[in-house]
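Chain and residue survey
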Amino acid sequence: GIVDAMKVWQMCPDGTLAGVYEAEYDIKNKNHIILTVTRCRTLEFLEKNAPERIRTVCHDIDIPMNEKYLTALVPNAEMKPLLLHDKPREKPNETPCIWEIKLRGM
């Protein structure tokens, strides 16, 4: 299920690691999670050094890459961004991104 997939993701080198990609999980049930990234060092770097690349990284790369990671673990899962930036945040403490992760058809 989705909860088990999130446990595996935490072990990945580019997963939700403390200090790099910190996250909170709102577990609705074993197959439906709202994942809130509370710190994203990639976004922080891009905001300071390459703001024109935020859309490319966060939308064009992260959406399909995360979907591939997820469906490798749970083939009938889907991941939808609920909040995803395409330009620098107005305030540095704004949430970097929020994702809904669930089984298709839920």
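Residues numbered from 1 in each chain as written. Predicted model: local features only at pLDDT ≥ 70, side-chain atom pairs only at ≥ 80, totals over all residues. Heavy atoms only, no water.

**Some remarks on the packing of aromatic side chains**
Here the distance between the centres and the angle between the planes together describe a pair of aromatic rings. Inspection of every chain in the model, using the stated rule, returns one aromatic pair. The interplanar angle of 75 degrees and the centroid separation of 6.4 Å between the aromatic rings of Trp 9 and Tyr 69 together place this pair among those described as edge-to-face. In this pair, Trp 9 is assigned in helix α1 (residues 2-9) and Tyr 69 in helix α3 (residues 54-73), connecting sequence segments 60 residues apart. Assessed through its relative accessible area of 11%, Trp 9 is described here as buried. (Phe/Tyr/Trp six-rings, centres within 6.5 Å; stacked < 30°, edge-to-face > 60°. Helix = DSSP H or I, 4+ residues; strand = E, 2+ residues; numbered from the N terminus. Buried < 20%, exposed > 50% of the residue type's maximum accessible area, 1.4 Å probe, protein only.)

**Some thoughts on the pairing of strand β1 (residues 21-29)**
Taken together, the eight bridges between β1 and strand β2 (residues 32-40) define a ladder with antiparallel strand orientation. Looking at the pairing, Ile 27 lines up with Ile 33 of β2. Between β1 and β2, which follow one another and run antiparallel, lie two residues. (Pairing = 2+ DSSP bridges.)

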